[in-house]
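Given next are the chains, with one letter for each unit.
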Amino acid sequence: MRISLNVDTYLDSILSLRDELDIVGEKITEKYSSVETPDVMGIAIRCLPDELERKTFKRYDKKDRYLTIDITVSYDKYKGLQKIEQRHDLGHTIYDNIADAISKYKFVELTGSDFLKDFKAWCNEIGWLQDEIDWSLDPDA
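Since we're looking at a predicted model, the values are computed, not measured.

Q: Got a minute to help me understand the state of the cysteines in this structure?
A: Disulfide: a covalent bond formed between the sulfur atoms of two cysteine residues. Throughout the structure, instances matching the rule amount to zero disulfides. Just so you know, Cys 47 is unpaired, no disulfide at all, and the nearest cysteine sulfur is the one on Cys 123, 18 Å from it. On the accessibility criterion, Cys 123 (1% relative accessible area) is buried.

As structure tokens, then:
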């Protein structure tokens with residue numbers, strides 16, 4: 001399995017946050033390379049204005065073994081947050097959607113594995129998925 005992570009946003013901070021997750025994607029691809037279903041977990045993060053009314057969705061294409069997790073977060077909310085707050089909220093949003101997708105589509109190779117525990121640990125290594133915001137890590141605070 002490999003991870004594909006894309007972003008659709010007007011906020012530069014969200015683009016840089018996406019780049020921070022590359023190392024997590026690499027670790028997933030390395031450790032879970034033998035997972036065949038899904039073959040690809042495609043995560044799209046869309047930080048869009050509320051007026052567009054775009055909703056988060058998940059879809060699994062059995063033929064291509066491609067899991068799509070298309071996450072929409074509020075541009076109106078995120079533009080008022082500091083980057084460290086965006087990271088905290090976005091990390092938990094991504095994690096919750098991945099956990100939901102694994103449960104919804106009953107991916108046997110991921111359900112009983114340490115995948116979510118590994119994902120959280122690797123995110124914690126880069127300052128993501130903390131239980132609370134550690135303001136001492138914010139260079140802008």
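Q: I tried to follow unusual backbone geometry on my own but got confused; where do I start?
A: For residues other than glycine, phi is negative in most cases, and the peptide bonds are mostly trans. Residue Pro 38 is bonded to the preceding Thr 37 through a cis peptide linkage, with omega at 5 degrees. Note on placement: Pro 38 falls in the loop between α2 (22-31) and β2 (40-48). In this structure, Arg 65 takes a positive phi of about 55 degrees despite not being glycine. With a phi angle near 60 degrees, Leu 129 is a residue other than glycine that sits in the positive phi range. Note that Leu 129 resides in the segment after α6 (115-125). Owing to a relative accessible area of 3%, Leu 129 belongs among the buried residues under this scheme.

Q: I keep staring at the packing of helix α4 (residues 83-105) against α6 and nothing clicks. Help me out?
A: A pair of packed helices can be characterised by two numbers: the angle between their axes and the separation between those axes. Contact geometry for α4 and α6: axes closest at 11 Å, N-to-C directions at 170 degrees. Classed by the angle they form, the pair α4 and α6 counts as roughly antiparallel. Side by side, α4 and α6 meet where Ile 94, Tyr 95, Ile 98, Ala 99 and Ile 102 of the first sit next to Phe 115, Leu 116, Phe 119 and Lys 120 of the second. Counted by class, the contact of α4 with α6 contains eight nonpolar, no polar and one charged residues.

Q: Before we go on, may I ask you to explain the packing of helix α1 (residues 12-20) against α4 in this structure?
A: Interaxial distance between α1 and α4 falls to 10 Å at its minimum, and their mutual angle equals 55 degrees. Relative to α4, the element α1 lies oblique. α1 and α4 meet at a crossing whose hand is right-handed. Here α1 contributes Ser 13, Ile 14, Ser 16, Leu 17 and Glu 20 to the contact with α4, which in turn contributes Lys 83, Gln 86, Arg 87 and Leu 90. Across the contact of α1 with α4, the residue classes tally to three nonpolar, three polar and three charged.

Q: What's the story with the sheet that holds strand β4 (residues 66-74) in this structure? I'm lost.
A: Strand pairing within a sheet occurs via backbone hydrogen bonds; the two strands may be parallel or antiparallel. Strand order in the open sheet formed by four strands is β1-β2-β4-β3, and the pairing between neighbours is mixed. Each of the sheet's edge strands pairs with one partner strand only, and the pair in question is β1 (2-9) and β3 (57-61). Strand-to-strand twist of the sheet, defined as the mean angle between neighbouring strand axes without regard to direction, takes the value 15 degrees. When β1 meets β2, the two strands line up parallel, connected through eight bridges. Among the inter-strand pairings, Thr 9 is bridged to a residue of β2, identified as Cys 47.

So, how was this worked out
Once a new chain begins, its residue numbering starts again from 1 and follows that chain's sequence as written. In view of the model being predicted, local features appear only for residues whose pLDDT reaches at least 70, and side-chain atom pairs are presented and counted only at 80 or more, with totals across whole chains, interfaces and linings using the full set of residues. No hydrogens and no water enter the side-chain calculation; it runs on all heavy atoms of the structure. Disulfides are defined as cysteine sulfur pairs within 2.5 Å. When a residue's accessible area, from a 1.4 Å probe over protein chains only, is under 20% of the maximum for its type it is buried; when over 50% it is exposed; and in between it is partly exposed. Only DSSP runs of H or I covering at least 4 residues are called helices, and only runs of E covering at least 2 are called strands; the numbering of each starts at the N terminus. Throughout, an axis means a line fitted to C-alpha atoms (over the contacting stretch in the case of helices), and angles, computed between N-to-C directions, take values from 0 to 180 degrees. With respect to orientation, any angle under 35 degrees is reported as roughly parallel, any angle over 145 as roughly antiparallel, any angle of 65 to 115 as roughly perpendicular, and every other angle as oblique. Every residue pair with non-hydrogen atoms within 4.5 Å of one another is taken to be in contact. Amino acid classes used here: Ala, Val, Leu, Ile, Met, Phe, Trp, Tyr, Cys and Pro are nonpolar; Asp, Glu, Lys and Arg are charged; the rest, including Gly, are polar. Left-handed describes a crossing whose near helix is turned anticlockwise from the far helix by less than a right angle; the clockwise case is right-handed. In this description, strands pair whenever DSSP reports at least two bridges between them.

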